[in-house]
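Structure assessment
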Amino acid sequence: MAEAHSAVAFSFSITHEGWDVNFDREVLHLVWASGIRSWKKRLARFKNNVRNGVFPAPLQSLWAMMGIVLALRYGNNSFIKYTDTILQYLPGTSYIWQIVSCFILSLTFWLILIYIVRYTFKLMLMYKGWMYESRGGQKVSLQTKLWGLGIKLLSSKSKPLLYSYQGSLPKLPLPPVNETMKRYLKSVRPLMNDSEYESMIKLANEFEKGIAVKLQRYLWLKSWWSSNYVSDWWEEYVYLRSRTPLIVNSNFYGTDAIMLHSTPIQAARAAMIIWQCLQYRRLIERQELEPIRVQGLVPLCSWQYERIFNTTRVPGAVSDKIVHYNDSRHIVVYHAGRYFKVIIYSQNRILHPCEIEEQIQSILDNTEKPYVGEEKVAALTAADRTHWANTRTQYFFKGINRQSLDAIEKSAFVVTLDEVPYEYDPENSKKLDEFGRILMTGKGYDRWFDKSFTLCIGSNGRVGFNAEHSWADAPVMGHLWEHFLCGDLVVGYQENGHTKGAPELEPPKPIRLQWSLEPVLEAIEKSYQVSLALVNDIDLRILAFDDYGKGFMKTAKVSPDAFIQMALQLAYYRDAGKFSLTYEASMTRLYREGRTETVRPCTLESSAWVKSMLDPNVDINKRINLLREACATHQRGYQDAMCGKGIDRHLFCLYVVSKYLEVESPFLNKVLSEPWRLSTSQTPHGQTTQFDLKKYPNCISAGGGFGPVANDGYGVSYIIAGENLVFFHISSKKSSPHTDSNRFAVRIKEALNDMKSLHDDWNRSTKNVSS
């Protein structure tokens, strides 16, 4: 308890000799420094909020307006009446008050002009015609060219901060019910026989003409009242009210740049990645992180970035909640079953990588044993949420357990120093599979699954992360991951593998967290058995497909994403012998507080192409035409989803309204209960402009993955890692007799190779005909 006593800044007591006051100068100095730092951050935040409030106009334009008003006031007698009108309400008429009246008038004109510009900018961002037009060339309409020029003119006068565009982003539009119904019925047609489809049409018509009118009216009110009619309900009902374990079911993972091995020294790599994360956090706090703009023009919503750090998911009996702290001066490190609080600030600055390396190495050298129950306490965060909420209330409400829990939950993030290496060997695919599995689940108790993310460091210096999903979506973590993989390459290490530089001070020593867990052992073991069952049931296969990549897909004149999705449709049909409802995540961050929408890759066009590939009587030309039609349909569906014309989020919100109104809809019940047996997502990259990925292709991550959504389905994440490389992360349940991740990986590879053979044969036949 020494560290607890040292935290007391002063003590006060009354004795028979009088007053007795003792104080710790060092602690009081830390309190003073913390207060100063807090006020500096508040002032910086206020300044940034002002800049964001007037964006896209620069603050300097106010002084320009002031100069114009002063010039008119003293150079044009007819303008005097405007300032005199203001002057009569001021205490005096002296020269100083005349200047004040000019300032008030210029401020009024300036604010009017600012809001005109801001709303003009917002109206222009509502235009989505550019999304459906080809990039460059003659297919771009004059309207889109003029729109692009206007966006450039309005947004180029001031350098945007991270949140500068937030006030200008449009709200997510609410689609009409009849349009959603048409798109839904078309999407499920290939999944149903004639009688099933007729029954579904009947349910949809009854819904559309009946209760949907009332539900849509309430949803329309919400769309006007809230900044986004989907996101808060999506976060609440899909994530926070879910009672299922986070491990496998919700959390996702990301891997290192496996083509590079920066250093084999665990402490050095951990220190560098921690330092890079802290630099990234500072960029977010100061809003200096460059906002992402599609095609360099259209901004994406940056709302999710504010919860990357200092954030945790707190369990509740019915619903969890996301808690974000404004600041944190420490991280928590887990190693060999023990937790350490590591201070990452000293003398009013972030510690240098070499100083953090000393701290990490001291933890690795520490030979103390874990306290009773400490090693597996994080299993509580992995298993059933209600069990964790009840256990937290009963045993972590006060005392040293509460202090240690607070240290973890209020940390910037958690770091796990694993005692096993993360390996990659092109000749041994099982090593990469194990790499991914360690990051996804660990041992079921060595990641704090509630934290926004846990950095995982292998004993050989390779890294990865495990991220909680409710606070944000994968692209946000992907941006962070790209940032420090790039920084890792730019900053570099010494030749001996250690971080560069020499310590300028003695870094604060890691503080061992204290626990009293004897009464909690039964609860911990119960959670551990749940998480262990999930760990043992997950089947993960990571396929490094290097026969070809994006380069060839472009020559086929189709979207690479659509190309891969068609391969997945063909692979699944060969694996299961039928089509299945397929989920592909698409972002809606073109709108304020946008998160995701569902693209449904299984379409009438994709199913027609898949059947043609299995029919030997269909000729090459027809197969190629069907493939291009399927890819075009998929791309249009993806564009619709990004533009707020999706199917599933609208139906989801209608379902939520129906539950609030306590009305039953057989149509919505059926739609929301349909299992997603093939859940897919593309890992984005190229979000940072730090350096050219074409110049450093080996720096790209191998991507990441997630667990299957359905017990008898697959979870497939993929990253197009270069011109000739695609990584697929394929997960399924070993307990399901219908799925096998290794078998599905073989199916994907076969499908991709068959698609290349189809294209090559078509090219040869075309050349023969032309010759």
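Residues numbered from 1 in each chain as written. Predicted model: local features only at pLDDT ≥ 70, side-chain atom pairs only at ≥ 80, totals over all residues. Heavy atoms only, no water.

1. Considerations on the overall build of the chain
Scanning the chain for helices and strands turns up 25 helices and 22 strands. Relative to a compact globule of 771 residues, whose C-alpha radius of gyration would be 28 Å, the chain shows 29 Å and is just as compact. Expressed as lengths along the three principal axes of its C-alpha atoms, the size of the chain is roughly 100 × 85 × 60 Å. Burial status across the chain gives 54% buried among its 771 residues. Taking the contacts inside the chain whose residues are at least 6 apart along the sequence as the reference set, 77% of them involve residues at least 24 apart. (Helix = DSSP H or I, 4+ residues; strand = E, 2+ residues; numbered from the N terminus. Rg over C-alpha atoms; globule rule 2.2 N^0.38 Å. Buried < 20%, exposed > 50% of the residue type's maximum accessible area, 1.4 Å probe, protein only. Contact = heavy atoms within 4.5 Å.)

2. Here we look at empty space enclosed by the protein
Going through the model one piece at a time under the given rule, you end up with three cavities of 30 Å³ or more. The calculated volume of the largest cavity comes to roughly 120 Å³. Surrounding the largest cavity, 16 residues form its lining, Leu172, Val230, Thr596, Glu597 and Arg649 being those nearest its centre. Only helix H10 (231-240), strand E18 (596-599) and helix H23 (648-661) provide two or more residues apiece to the lining of the largest cavity. Along the lines of polarity and charge, the residues of the lining of the largest cavity split into six nonpolar, seven polar and three charged. Roughly 60 Å³ of internal volume is contained in the second largest cavity. Lining the second largest cavity, in full, are Asp256, Ala257, Leu260, Ser262, Arg269, Leu485, Asp488, Leu489 and Cys699. Within the lining of the second largest cavity, the residues separate by chemical class into five nonpolar, one polar and three charged. (1 Å grid on protein atoms, 1.4 Å probe; cavity = no way out; pocket = protein on both sides within 12 Å on 5 of 7 lines; lining within 4 Å. Points joined across faces, edges and corners; volume = space filled by probe spheres on them. Nonpolar A, V, L, I, M, F, W, Y, C, P; charged D, E, K, R; others polar.)

3. Comments concerning the pairing of strand E9 (residues 338-343)
With six bridges joining them, strand E8 (residues 330-335) and E9 adopt antiparallel strand pairing. Opposite Tyr334, over in E9, you have Tyr339 as the bridge partner. The turn linking E8 back onto E9 is made up of two residues, and Ala336 within it adopts a positive phi angle of 50 degrees. Note: E9 against strand E15 (residues 511-512), two bridges, orientation antiparallel. Looking at E15, one finds that Phe340 is bridged to Arg512. (Pairing = 2+ DSSP bridges.)

4. Some remarks on the sheet that holds strand E21 (residues 714-722)
Taken together, the six strands give an open sheet; going across it, the order is E16-E22-E21-E19-E17-E18, and neighbouring strands pair in mixed fashion. Each edge of the sheet is formed by a strand with only one pairing partner; in this case those strands are strand E16 (538-545) and E18. Pairwise comparison of adjacent strand axes, ignoring direction, gives a mean angle of 25 degrees for this sheet. Two elements, strand E19 (residues 678-682) and E21, share five bridges in a ladder whose sense is parallel. Counterpart to Ser681 in the pairing with E21 is Ser717. (Axes fitted to C-alpha atoms, helices over the stretch in contact; angles between N-to-C directions.)

5. Quick look at the environment of Arg42
By the element assignment, Arg42 lies in helix H2 (residues 25-54). Arg42 sits 171 residues away from Val213 along the chain, and the two C-alpha atoms are 47 Å apart.

6. A look at the nonpolar core
Judged by nonpolar contacts, the single largest core of 111 residues is most densely connected at Tyr305, Ile308, Phe413, Phe453, Leu455 and Phe667. With 12 residues, the single largest contributor to this core is helix H11 (residues 266-285). Among all residues touching Leu455, those that are not within four sequence positions of it are Ile273, Ile274, Cys277, Phe413, Val414, Val415, Thr416, Gly464, Trp481 and Phe484. In this structure, Met553, Ala630, Phe728 and Ala751 belong to the second largest nonpolar core, which totals 42 residues. (Core = buried A, V, L, I, M, F, W, Y, C linked by side-chain atoms within 4.5 Å.)

7. A look at the pattern of salt bridges
On inspection of all chains with the given rule, the structure shows 37 salt bridges. Among the salt bridges present, the one from Arg512 reaches Glu374, with a minimum N-O distance of 2.8 Å. Of this pair, Arg512 sits in strand E15 while Glu374 sits in the loop between helix H12 (353-365) and helix H13 (379-382), placing them 138 residues apart in sequence. Glu374 shares its class with Arg512; the two are buried. With a shortest N-O distance of 3.0 Å, Arg595 and Asp473 are connected by a salt bridge. On the criterion of sequence distance, the pair formed by Arg595 in the loop between strand E17 (582-587) and E18 and Asp473 in the loop between strand E14 (463-467) and helix H17 (474-491) is long-range, its members being 122 residues apart. Neither Arg595 nor Asp473 differs from the other in exposure class; each is buried. Because the salt bridges share partners, they merge into one network encompassing Arg243, Arg313, Asp320, Arg385, Asp450 and Glu468. (Salt bridge = Lys/Arg side-chain N within 4 Å of Asp/Glu carboxyl O.)

8. A look at the sheet that holds E8
Read across the sheet, eight strands follow the order E15-E9-E8-E12-E13-E14-E3-E20 without closing on themselves; strand pairing throughout is mixed. Two strands bound the open sheet, and with one partner strand each, they are E15 and strand E20 (704-705). Contacting E8, strand E12 (414-417), strand E13 (453-457) and E14, H11 runs over the sheet at an angle of about 155 degrees to E13. Across the face of the sheet, helix H16 (residues 429-441) comes into contact with strand E3 (252-255), E13 and E14 while running at roughly 140 degrees to E3.

9. Quick word on the packing of aromatic side chains
The full count for this structure, using the stated rule, is 36 aromatic pairs. Taken together, a centroid distance of 4.8 Å and an interplanar angle of 70 degrees make the contact between Tyr548 and Phe552 edge-to-face. The same class applies to Tyr548 and to Phe552, which are both buried. Following the ring pairs from residue to residue traces out a cluster consisting of Tyr334, Tyr339, Trp388, Phe396, Trp448 and Trp515. (Phe/Tyr/Trp six-rings, centres within 6.5 Å; stacked < 30°, edge-to-face > 60°.)

10. Let's talk about the packing of H23 against helix H24 (residues 666-673)
Between H23 and H24, the least distance of the axes is 10 Å, while the angle of their chain directions is 125 degrees. As summarised for this structure, H23 and H24 are arranged oblique, according to the angle between their axes. Relative to H24, the crossing made by H23 is left-handed. Two secondary-structure elements touch here, H23 through Leu651, Leu654, Tyr655, Ser658 and Lys659 and H24 through Phe667, Leu668, Asn669, Val671 and Leu672. (Parallel < 35°, antiparallel > 145°, perpendicular 65-115°, else oblique. Left-handed = near helix turned anticlockwise from the far one by under 90°.)

11. So, the confidence of the model for the chain
Looking at the chain, the pLDDT average stands at 90 and 93% of residues meet or exceed 70. Low pLDDT, under 50, characterises residues 1-10; the stretch is placed with 15 contacts to residues that sit more than four places away or in other chains. (pLDDT = per-residue confidence, 0-100.)

12. Side note on the side chain of Lys451
Mapped onto the elements, Lys451 comes out in the loop between H16 and E13. Although buried, Lys451 forms no salt bridge, and the nearest oppositely charged side chain, Glu409, lies 8.2 Å from it. At 2.7 Å, the side chain of Lys451 forms a polar contact with the backbone oxygen of Ser411. Excluding anything up to four places from it in sequence, Lys451 contacts Asn310, Thr311, Thr312, Ile408, Glu409, Ser411, Ala412, Phe413, Val414 and Glu468. (Lys, Arg positive; Asp, Glu negative; His and termini not counted. Polar contact = N/O pair within 3.5 Å; in protein donor to acceptor, adjacent residues only side chain to side chain.)

13. A closer look at the pairing of E18
Of the two faces of E18, the one carrying Thr596 and Thr598 and the one carrying Glu597 and Val599 are both buried. As paired elements, E17 and E18 share four bridges and run antiparallel to each other. In the strand pairing of E18, Ser586 is matched with Glu597.

14. Looking at helix H15 (residues 399-409)
Within H15, burial applies to Asn401, Ser404, Leu405, Asp406, Ala407, Ile408 and Glu409. For H15, the secondary structure elements touched by its buried residues are strand E6 (311-314), E8, E9, helix H14 (385-395) and E12.

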